[in-house]
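# Remarks on the overall topology
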Amino acid sequence: MDQTPRSILLIEDDEGQALLTKEALEHEGFVVDVCRTGRQGLERIVAASFDVYLLDMKLPDLHGTEILRRITTMKPGAVCIILSGHGDEVLAVEAMKLGAYDYIIKSPHMGHLTALPVVIREVLERKHLKDEREQLQNELWEHARLLEERNVELRRANDELKRLDELKTDFVSMVSHELRTPMSTIKEFTAIIADGIAGDVTPDQTEYLSIITANVDRLSRIIDDLLDMAKIEAGRVLLNKRLVEPQALVDAVIQSMRPLAESKRVSLETDLPPGLPSLFVDADKMTQVLVNLVSNAIKFTDPGGKVRLAVFEQSTELEFSVSDTGVGIAPDDLPKLFEKFQQFRRSIGGSGSKGTGLGLAISRRLVELHGGSIRASSEPGKGSVFSFTLPKQHLDDVFREYLRAGVESAKRRQAPFSIAVVAVVKFQELMALYGLEEMSRMLKEMELLIRDTIRRRAGDVVIRWHRGEMVVMLSEVDKATAQTIMARLLRTINAWRLTVDGRAIKVSVTVATATYPDDALNDEELLRAADRQVQHAQEVKPCVLVVDDEPKVRQFIAEALEHRGYDVLAAEGGLQALELLKLHHADVILLDLMMPVMEGYEVYHLLKENPNTRDIPVIIVTGKGERTDERLGLDHPTYNHIAKPFQLEDLLAKVRDVLQQDPKGAG
Amino acid sequence: MMGKRVLIVDDESDLRYALAIRLRAAGFLCETAENGEEGLAKARQAPPPDLLIVDLLMPKMNGYEMLQRLKADPATAKIPAMVLTALPERARERQLAKLDSVIVMQKPFHSEQVVSAVQSLLDAAQGG
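Residues numbered from 1 in each chain as written. Chains lettered and ligands numbered in written order. Predicted model: local features only at pLDDT ≥ 70, side-chain atom pairs only at ≥ 80, totals over all residues. Heavy atoms only, no water.

## Re the overall build of chain A
We apply this condition: For helices the rule is a DSSP run of H or I covering at least 4 residues; for strands it is a run of E covering at least 2, with both sets numbered from the N terminus onward. Each residue is placed in one exposure class: buried if its accessible area under a 1.4 Å probe, protein chains only, is under 20% of its type's maximum, exposed if it is over 50%, and partly exposed if it falls in between. Contacts: residue pairs with any heavy atoms within 4.5 Å of one another. Values of accessible area rely on a 1.4 Å probe in the Shrake-Rupley scheme; residue burial ignores everything except the protein chains shown.
Scanning chain A from terminus to terminus reveals 18 helices and 23 strands. Counting over 667 residues, chain A shows a buried share of 44%. Looking at chain A alone, contacts between residues at least 24 apart form 67% of all its contacts between residues at least 6 apart. Surface exposure of chain A reaches about 35700 Å², of which carbon and sulfur atoms provide 53%.

## Section: the overall build of chain B
Secondary structure summary: chain B contains 5 helices and 5 strands in total. Ordering the α and β elements of chain B from the N terminus gives β-α-β-α-β-α-β-α-β-α. A buried classification covers 46% of the 128 residues belonging to chain B. For chain B, contacts bridging at least 24 residues in sequence account for 64% of all contacts bridging at least 6. For chain B, the computed accessible surface area is about 6000 Å², with 49% contributed by carbon and sulfur atoms.

## Re the sheet that holds strand β7 (residues 267-271) of chain A
Residues and elements named next belong to chain A. In plain terms, the rule: Only strands that DSSP links by at least two bridges are regarded as paired with each other. All axes are obtained by fitting lines to C-alpha atoms, using only the stretch in contact for helices, and the reported angles, taken between N-to-C directions, cover 0 to 180 degrees.
As summarised here, the arrangement of the 5 strands in space is β7-β9-β10-β12-β11, forming an open sheet in which the pairing is mixed. In the strand order of this sheet, the two ends are held by β7 and β11 (373-379), each with one partner. Mean inter-strand twist for the sheet, computed between neighbouring axes without regard to direction, equals 15 degrees. With 5 bridges connecting them, β7 and strand β9 (residues 306-313) associate as parallel partners. Bridging across to β9, Leu 268 finds its partner in Val 307. Against the sheet, helix α8 (residues 283-299) makes contact with β7, β9, β10 (317-324) and β12 (383-391), and its axis sits at roughly 170 degrees relative to β12, the strand it touches most. Sitting on the sheet, helix α9 (residues 359-369) touches β11 and β12, and the angle it makes with β11 is about 135 degrees.

## Some points on the pairing of strand β8 (residues 279-282) of chain A
Residue and element names in this part refer to chain A. Burial along β8 is two-sided: Leu 279 and Val 281 facing one way and Phe 280 and Asp 282 facing the other are all buried. Strand direction decides the pairing type here: strand β6 (residues 241-244) and β8, joined by 4 bridges, are antiparallel. Each bridged residue has a counterpart across the sheet, and for Val 244 the counterpart in β8 is Leu 279.

## Brief notes about the packing of helix α11 (residues 427-454) of chain A against helix α12 (residues 479-495) of chain A
In a packed pair of helices, the relevant descriptors are the angle between the two axes and the axis-to-axis distance. Residue and element names in this part refer to chain A. Going by this rule: In these notes the angle categories are as follows: under 35 degrees is roughly parallel, over 145 is roughly antiparallel, 65 to 115 is roughly perpendicular, and the rest is oblique. A crossing counts as left-handed when the near helix is turned anticlockwise from the far one by less than a right angle, and as right-handed when that turn is clockwise. Note that Gly is not counted as nonpolar here; it falls among the polar residues with everything else outside the nonpolar set of Ala, Val, Leu, Ile, Met, Phe, Trp, Tyr, Cys and Pro and the charged set of Asp, Glu, Lys and Arg.
Look at α11 against α12: their axes get within 10 Å of each other, and the N-to-C directions meet at 140 degrees. When the interaxial angle is binned, α11 and α12 end up oblique. The way α11 lies across α12 gives a crossing that is right-handed. Where α11 approaches α12, its residues Met 446, Leu 449, Ile 450, Thr 453 and Ile 454 are matched on the opposing element by Ile 485, Met 486, Arg 488, Leu 489, Thr 492 and Ile 493. Per-class residue counts for the contact of α11 with α12 are 8 nonpolar, 2 polar and 1 charged.

## Considerations on unusual backbone geometry
In this model, A:Tyr516 is joined to A:Pro517 through a cis peptide bond whose omega is 0 degrees. With respect to the helices and strands, A:Pro517 occurs in the loop between β18 (509-516) and α13 (523-539). Cis geometry is found at the peptide bond from B:Ala46 to B:Pro47, where omega equals -5 degrees. Position of B:Pro47 relative to the elements: it lies in the loop between α2 (36-44) and β3 (51-55). If you check the backbone angles, A:Arg265 has positive phi at about 55 degrees while not being a glycine. You can see A:Arg265 is positioned in the loop between α7 (246-263) and β7. With a phi angle near 65 degrees, B:Lys60 is a residue other than glycine that sits in the positive phi range. Topologically, B:Lys60 is positioned in the loop between β3 and α3 (63-72).

## What about the sheet that holds strand β4 (residues 80-84) of chain A?
Residue and element names in this part refer to chain A. Read across the sheet, 5 strands follow the order β2-β1-β3-β4-β5 without closing on themselves; strand pairing throughout is parallel. The open sheet is flanked by β2 (31-35) and β5 (102-105), the only strands paired with a single partner. Within the sheet, the average angular offset between the axes of one strand and its neighbour, ignoring direction, is 20 degrees. One ladder, built from 4 bridges, connects β4 with β5; its direction is parallel. Within β5, the residue paired with Ser 84 across the bridge is Ile 105.

## Overview of the packing of aromatic side chains
Residue and element names in this part refer to chain A. Formally: Note on ring pairs: Phe, Tyr and Trp rings are taken, using the six-membered ring of Trp, and paired if centres are within 6.5 Å. Classes follow the plane angle, with under 30 degrees stacked, over 60 edge-to-face and the rest tilted.
This model, assessed by the stated rule, comprises 4 aromatic pairs over all chains. When the ring of Phe 50 is compared with that of Tyr 53, the centres are 6.0 Å apart and the planes differ by 75 degrees; the resulting orientation is edge-to-face. By the burial criterion, Phe 50 is buried, and Tyr 53 matches it. With a centroid separation of 5.1 Å and an interplanar angle of 5 degrees, the aromatic rings of Phe 320 and Phe 388 are classed as stacked. Residue Phe 320 is located in strand β10, and its partner Phe 388 is located in strand β12; the two are separated by 68 residues in the primary sequence. Looking at Phe 388, the relative accessible area reads 1%, which means it is buried.

## Some thoughts on the packing of α7(A) against α8(A)
Residues and elements named next belong to chain A. In the contact formed by α7 and α8, the axes pass within 10 Å of each other and the chain directions differ by 35 degrees. Relative to α8, α7 is oriented so that their crossing is right-handed. Mapping the contact onto sequence places Leu 249, Val 253, Ser 256, Met 257, Leu 260 and Ala 261 in α7 and Ala 283, Met 286, Thr 287, Leu 290, Val 291, Val 294, Ser 295 and Ile 298 in α8. Across the contact of α7 with α8, the residue classes break down as 11 nonpolar, 3 polar and no charged.

## Describing the environment of A:Ile45
Within the secondary structure, A:Ile45 sits in helix α2 (residues 38-47). With 26 residues separating them in the primary sequence, A:Ile45 and A:Ile71 have C-alpha atoms 7.8 Å apart.

## Some remarks on the environment of A:Arg413
Residues and elements named next belong to chain A. Examined against the element boundaries, Arg 413 turns out to sit in helix α10 (residues 395-413). The buried category is assigned to Arg 413, whose relative accessible area is 18%. Placed 63 residues apart in sequence, Arg 413 and Glu 476 show a C-alpha to C-alpha distance of 9.3 Å.

## Thoughts on the pattern of salt bridges
Just so we agree on the cut-off: Salt bridges, as used here, are contacts in which a Lys or Arg side-chain nitrogen is within 4 Å of a carboxyl oxygen on Asp or Glu.
Using the criterion set out here, one finds 32 salt bridges over all chains in the structure. With its nearest N and O atoms 3.4 Å apart, the salt bridge here joins A:Lys382 to A:Glu379. We note a salt bridge from A:Glu524 to A:Arg528, for which the minimum N-O separation is 3.9 Å. Linking A:Glu524 with A:Arg528, this pair stays in helix α13, spanning 4 residues, or about one helical turn. Each of B:Arg5, B:Glu31, B:Glu38 and B:Lys42 takes part in a single network of salt bridges with overlapping partners.

## Here's the deal with helix α6 (residues 203-233) of chain A
Residues and elements named next belong to chain A. Using the following cut-off: Take the number of residues in a helix, subtract one, and multiply by 1.5 Å to get its expected span.
For α6, built from 31 residues, the straight-helix expectation of 45 Å at 1.5 Å per residue is met to within 8% by its first-to-last C-alpha distance of 45 Å. Considered for burial, the residues of α6 that qualify are Leu 209, Thr 213, Val 216, Ser 220, Ile 223, Asp 225, Leu 227, Asp 228, Met 229 and Ile 232. One or two positions beyond α6, positive phi appears at Gly 235, with a value near 70 degrees.

## Focus: helix α4 (residues 89-98) of chain A
Residue and element names in this part refer to chain A. Note the following rule: As used here, the arc belongs to the directions running from the helix axis to the C-beta atoms.
Along α4, the positions that sit buried rather than exposed are Leu 91, Ala 92 and Ala 95. Considered in projection along α4, the buried side chains sweep an arc of 100 degrees and stay on one side of the axis. Of the exposed residues in α4, those oriented more than 90 degrees away from the buried face are Val 90 and Lys 97. Contacts from the buried residues of α4 go to α3 (64-74), β4 and β5. At the C-terminal side of α4, Gly 99 shows a positive phi close to 120 degrees.

Here's what the structure looks like:
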């Protein structure tokens, strides 16, 4: 606070009080003006401003609140302090509501004058802070506004960039189209003539026509390579990665290269050990690279020579190598091999079609885009070896990459993308009960079942098994379809039984789906959304054990319960029920009393005797008019019953009630 | 195969011409159209053509739209179609995947390939 003394306007009609107050305040360093009536005060205020307005509430001409109102209207933000008489607290409070900063009650012997300066100073401090805060708030608003403006600008710039980007793609497409069309026409008519459709053709003419065609083909290849290179250089190559078996890749390449090799009488060999890990790569691009290397090798190898394609597994990568017994490359040429437009002077060699000069440069870029590296070595006269490496990837990374790529692809194509999570209920317990091997088998079987149900080619479904959860990716599937597919899957799995040690075990799963763009906008959110649903579902799914010897009744009740979101186990008799309870957990048991072999009563007692099952609430299903209480004991806390025939709704309500009663809570 | 009618729709007149020459030499009857609009009109005339050869990129109405409309009309929905295109993979995929049409040929191609493709398309259509 600066040093200039604060000015106070005191509006007080009592002369004595006014004088004393003025003195007291001036003693404290304030400058005080006095007005004896409300009107005078207001006139004063019109002419000048004060730091503080001290108002007596009981003035002869105007009421204090009226003056207060006028002051705050004339000078918004004015600091007004009310001086009110004893017993006028209500008035004082009202004044505060009208905008007074504070009030002080006049004590009969002016004792309040000691406190008054303190109050005034406090109030001034408060005002100062209030002003500061307002200032900061304004600055904040200003910043926010600027930020918003900048955001708008950025968004606009982004849209512009996107538009230009699209234009570029179109540019490449258009160039592609414009160049290919005339080439098409040339080839067409050349072929029409060569095929004799336009009249007989002499042998010479045939030969010349084939030269024309060969050159058009060469033009075509150069254009392809140029466009490839342009895309790579502009960073516009989109890798379409998926899990690929090295063997499959190599087989495809060899198959397409065999005709060329045979026409040159060059033998084509492969060398791949079994058990090579899968690669997560763009299969088309890798094929392109391998074809490039193998065709070069064949081209520069004399008849009778050999070309060998081998794959080695290293610690963190896979190495592909193409070796030949050809003419080799001069040491001077080696360093520049993978640069653009190098037609290296391999001597004589095959006459074969000339390359475009870009093949190796493109191959290098493609390999590097995958995180690998390429190199060559050679002995002139003996042969050359071209090899490249590709990094091995962890299954988890692959999975994330797949997910990310899937969402990106969906964004580009403006198509939906869904994932579904299938989680095995009580996975840990099952694992403990049956062991790792059995669980692995179960997961494998379930995986097949799931793939079958979803009916997609194996390559499209990526499975990540992680603590009993499987994630399935459904591309171009919208939310409604995903849910339909999953409902179907749920029914299928609920009907399926796993055989362990000759016993048929029911495995329960929960399924959840999440769809881009409905539920999430990126891969991480998508996973989280699905996981959350699964967690939730697992938490609230109570398990009901239905024990009834009538299969139709069992099925009917089971389906009704499952439909309502319960997990259901079914047993046809007491023995089976007890067996099931050894393997599974149930939250409530629906027990039919009239059953052969082991009557319901016996089962009931056995359940209550066994410490593991004693506390599971049981709903007894009795026949019409049966008296059951005596034989069962009315006092057992978990006795509930329902009589046949019952309405489904009543049964469901009973189950619900019983679960809610359960002191341990439902589930 | 003799006497089957093929409608060739492509804005490149040379290409239309070349295809027609080939197909006629193989015994087909050919009609041509130079854009989607004209193609649509000609395809709707009775009797309908036995096969369509359609270029994707054309003015006035592109091949994709023309095919969509024909597929939506029960009278013409069953006519097999061969799509010609020079566009890169991606564009083709998204659009054509939604259509029931059959072969996609990338330019440049040998028109012989087209002839044999036409024959197998027609065989397949007859086989139901």
